[in-house]
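Residues per chain are reported as follows:
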Amino acid sequence: MTRILKVAFLILAFPIAAIAQENDTVTKLRVSLEEVVVTATRTERRLQDIAARVSVINRDEIEQIPFSNIDDLLKLSANVNVNRSWGIFSKNSSVTMHGLPGSARTLVLADGFPKNKIGGGSVNWHNINPDNLERIEVIQGPASALYGNNAMGGVINLISRKPAKPFEGSLKVLYGSYNTLGTSARIGGSQVKDHQGLYWSVDGFYRKGDGYYLDPPEFLDPTDVKTYLKEYGTNIMTGYAFGKAGSVDLYLDYYNELRGAGRQIHVEGGSFEATVTSSVRTKYSGRLAGGDLSVLAWYMNEDYHGQKESLNETNEYRLLDSYTLKQDQGVWTSWSKKILPDHHLTAGTEWKSGSVSGQDLYATSTDEIRFGSRMDIAGVFVQDEISFRNEKLRAVAGLRADWSRFHDGFQTINEPTSVTGFTEGFSENFDPNRWFALSPKLSLQYSFTPVIKAYIAAGTGYIPPDLKDLSQTGKINKGFRLANPNLKPETLINYETGYSWLITERLKMSGSYYYSVGYNFQYMIGTGDSIDTGGSSLKPVLVSENLARVRILGADLTVRWMISPSLILDGGYSWNDSKIVKFGNSEINPEKDLTGKYMIEVSPNQFYSGLTFRHRNLSANLNANYVGHQWFDDENTILLDDYFVVNFRISQTFRKHYRIWFDIQNLLNNVYIDRKGQVSPGRYLTAGVQFLW
Amino acid sequence: MILRTLALTALAFFIFNGCKPETNYANPDIRFVAGPGFLSQDTVLMLNDTVNIGIIADTGSDQELTHLHISINRDSVESKIDTALFTKHLEYSRIIVKGIAASETWTFYVRDRARRKSEEISLTLGLDKSSQYGKIDSLTLVLGAQDHPEKGSFASLANGKVYNTSDAFADQGRIHLVYYYDPVTGDQNTVASPGANIDGSIFNGPEGLSNWSVKNTTRFNPAGNLTAADFDRCRNDSLLLTNTFDFETGKRKAKTLTPGQVYSFVTDSGIMGLFKVNSVTGKQDGTISLTVKMKKK
């Protein structure tokens, strides 16, 4: 609490006296209500017309907020929990929403294309160049009626910039703590006249850093090395506008990353994770039968290599190479038309398919594990947006049907030793499985005045089981997992009400309250057996089952106050009470009962506050983020500490072409310990310069 | 203009960087040491005869050798030993005591970092049919757990003595067995050795195990087929040889011990034998009584 007061003091001490008059931002809050978003209904709608909790992080904010990764920006949206405990050195971050744990329960889109991989549902946030980002749309709450799987906690859509000038570009160089060096370049152009012509952009980025020690100083041993980072990527976009007939966009993406894991025993580079991701995406927007048609098709390939060096409790050396290939592809279509004066119909079909295949090869023993599986998902949806009473009352009704199919699952174990825990080699083909889900949605919004609106909504979320849980038996951190091809999907029903109120031209407030019930949530339970995996103690045998009914009560509140035309205060608070309310019916272990336990990775209290100052070409932002304690384990025996981080950015633009900035992330150097007992990087400084033309 | 050129150059770098030439490997090479004192071809031995086998292996590339695999086929019963390495040149030797199998074949190969495998080399040891079982030594050890006020927790199989913590610290090289009660992990009454991974809180202080510079390791396996009566009847090394195991395949701890259990053990210095739990009393301040039978020195 003392630290919160310190930050409050810092915010108040901010140079309010320097506030000058600038008229261009006075009406920004009102304008923000007119902002058009595309994610909530898959049609272009004004923010104020959407019967859901929607927030937008626009280009202005992206340039003003201190961040190192795109997911850092999501902290601006209330009720989004971002867990990136190693900062830029984290391979993955966990982005969760609406009181639900697990990244796979949040759907992330890039220009409408899904970024969650079918295998695991994770998202690589690194392969998007922040300089190429126009805005981020965040839809809170389940949206499976429109988007199907993954959209259980909400939807995040990262929308990239399209070139506006005949030739434009930027070049950026940055230097930061831990000898981090980064550069980014972007060029593009638009020859579009009268909605017709070619547009294109090419961008590339590179970043490297020496990193830091992940273990706390008192636990460092000779095998500890600094985690490190080297990544580069490029995105190529080209498109052609056919006038009123529509447009075609083509995206080619390539990304290569190497991230050290903080341990080196013998091999150069020590333990690391390396990923090469490439994708091709294409989008057609046009007209069909008097409506707007959108067709998206994509193919994504992710090639992963993890090298893991370790010493077990008795100092026996292990060297493991893990290779995983994930391939996703899909075609999504959406058609939208105003069918009656007050009805806007949107319908579509979706198909996507993903596979995971790989092998774990031990260089220090004979063990070889090979695995593979595939999932196909097909969906159809329809949605009607209806307006009544001169558009004061709006209703959205939607229904979606999804068919998911798991197949071609196999696992082969060759020459196992105690290192992997298998007692003998085997080869197993898993039985295919399929599921069907119906996801309805109904929401109503009433605009009391042009500046006050309220909504109520009932929606559903749905997610099929993960390929790993279905088809990969083997050692994991907690024990030894048995594959369970008989898992079922998780579903969720959400009831929600919310409001948005532009109290004055300078003060806007919005909030929501929700009650969700989740069914068939997966939990791992012990079978009662244990396996020797070469350590000094036996590992429990675990299996995932659909065992829990969960209940989430939550609320969030955001406030934006334009204190003066140059000074904006943002605040956001969210509260979640995410509990297991019924647990059991396990055939394997009927004794296990987690009823009444809290879900992990969910902080009951989360707070964000930011103060942004803009005067002519100078801008500065000071923000604070508090994340309350979270449970580490399903049994609720270990509670992770809460943490509080303050960040600062100051930037100045010269002659419209040059921009310099300086970031301090974690200003108070509040080092916290993550779920694996590893420390955060602490205070992180970055300075950069950018040339724009 | 310069900056635009720089930007284009940077883009070209991003796009074309990352192409690495492929490395060509040759498979590792492995051979028996053929010099004096080493056995390098098939032979017939008497029971309990000791031979030394030497292996030399070299990587065939710039990739280190990471794995030595030994498989032993004793009268069609196979066991395997995998040893992690990280070296370009391996010189390995192993003392083999001829066991009771009529035929035992030892096969060796190495692999490098890229899992390239050498050829397999092997030799077979036959048992001379005129062999006779050897004599054994028997002794009884009463050990106290870590908080026992009088009885020591450490024992030497070389001289049959029991040591308290101070004396054991002063004579680390002779200690082969440690007895303690572990209330944390559930291991409870445990016999291990200084080289086992024993929680530092159990024998703490300046003379605690974490401060030892020499830590002998003894490995254990339950002698599952042996009853206490079988153990008591044992008068020569036949049961020891029947129930012994390759050192690397044993466990570092014999846990949750209860009266009547029989364990086989092998030390890193080659002492092999059996022990039987006679009695266990108490917890951290309790005692254990063991009868140990091992090959006569």
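Residues numbered from 1 in each chain as written. Chains lettered and ligands numbered in written order. Predicted model: local features only at pLDDT ≥ 70, side-chain atom pairs only at ≥ 80, totals over all residues. Heavy atoms only, no water.

Peer 1: Explain the sheet that holds strand E6 (residues 89–97) of chain B to me, please; I cannot follow it from the model alone.
Peer 2: Paired through their backbone hydrogen bonds, the strands of a sheet run either parallel or antiparallel. Residue and element names in this part refer to chain B. Taken together, the three strands give an open sheet; going across it, the order is E1-E3-E6, and neighbouring strands pair in antiparallel fashion. The open sheet terminates on both sides in strands that have one partner only, identified here as strand E1 (29–32) and E6. Averaged over all neighbouring strand pairs, the angle between strand axes comes to 20°, with direction disregarded. Alignment of strand E3 (residues 50–58) against E6, held across nine bridges, turns out to be antiparallel. (Pairing = 2+ DSSP bridges. Helix = DSSP H or I, 4+ residues; strand = E, 2+ residues; numbered from the N terminus. Axes fitted to C-alpha atoms, helices over the stretch in contact; angles between N-to-C directions.)

Peer 1: Just to check I follow, could you spell out the sheet that holds strand E2 (residues 43–45) of chain B for this structure?
Peer 2: All names here are of chain B. Here five strands make up an open sheet; going across it, the order is E2-E8-E7-E4-E5 and the pairing mixed. Sheet topology places E2 and strand E5 (77–87) at the edges, where each strand pairs with a single neighbour. Within this sheet the neighbouring strands show an average axis-to-axis angle of 20°, counted without direction.

Peer 1: I'm lost on the nonpolar core in this one. Help?
Peer 2: One broad trend across soluble globular proteins is that nonpolar side chains are buried collectively. By size, the foremost hydrophobic cluster in this structure holds 24 residues, and its most contacted members are A:Val54, A:Tyr147 and A:Val155. The set of elements that each furnish at least two residues to this core consists of strand E3 (54–58), strand E6 (106–110), helix H4 (144–147), strand E13 (229–242) and strand E16 (291–311) of chain A. Residues B:Leu68, B:Ile72, B:Tyr92 and B:Trp106 belong to the second largest nonpolar core, which totals 23 residues. (Core = buried A, V, L, I, M, F, W, Y, C linked by side-chain atoms within 4.5 Å. Buried < 20%, exposed > 50% of the residue type's maximum accessible area, 1.4 Å probe, protein only.)

Peer 1: Please explain the confidence of the model for chain B as it appears in this structure.
Peer 2: It should be kept in mind that the predicted coordinates are not to be read in detail where pLDDT is low. Residues and elements named next belong to chain B. Here chain B shows a mean pLDDT of 89. Residues at 70 or above account for 92%. Averaged pLDDT values over the elements of chain B bottom out at 55 in helix H1 (residues 2–16) and peak at 97 in E1. Here the predicted complex scores 0.87 on pTM and 0.80 on ipTM. (pLDDT = per-residue confidence, 0-100.)

Peer 1: Mind showing me how you'd approach the pairing of E6(A) here?
Peer 2: Where a strand is regular, its side chains alternate between the two sheet faces. All names here are of chain A. Of all five residues in E6, five are buried; the element is thus mostly enclosed. Because side chains alternate across E6, one face comprises the buried residues Thr 106, Val 108 and Ala 110, and the other comprises Leu 107 and Leu 109, equally buried. When E6 meets strand E7 (residues 113–114), the two strands line up antiparallel, connected through two bridges. The residue of E7 that forms the bridge with Leu 109 is Pro 114. Linking two consecutive strands that pair antiparallel, namely E6 and E7, is a turn of two residues; a positive phi of about 55° is found at Asp 111 within it.

Peer 1: What exactly am I supposed to notice about unusual backbone geometry here?
Peer 2: What is expected of a backbone is that most residues other than glycine have negative phi and most peptide bonds are trans. Positive phi is not limited to glycine here, since A:Glu415 has a value of about 45°. Inspection of the secondary structure puts A:Glu415 in the loop between strand E20 (393–414) and strand E21 (426–429). In this structure A:Glu415 comes out as partly exposed when scored by relative accessible area, which is 40%. Unlike most non-glycine residues, B:Thr256 shows phi in positive territory, near 40°. Following the sequence through the fold, B:Thr256 ends up in the loop between helix H4 (238–243) and strand E15 (262–267).

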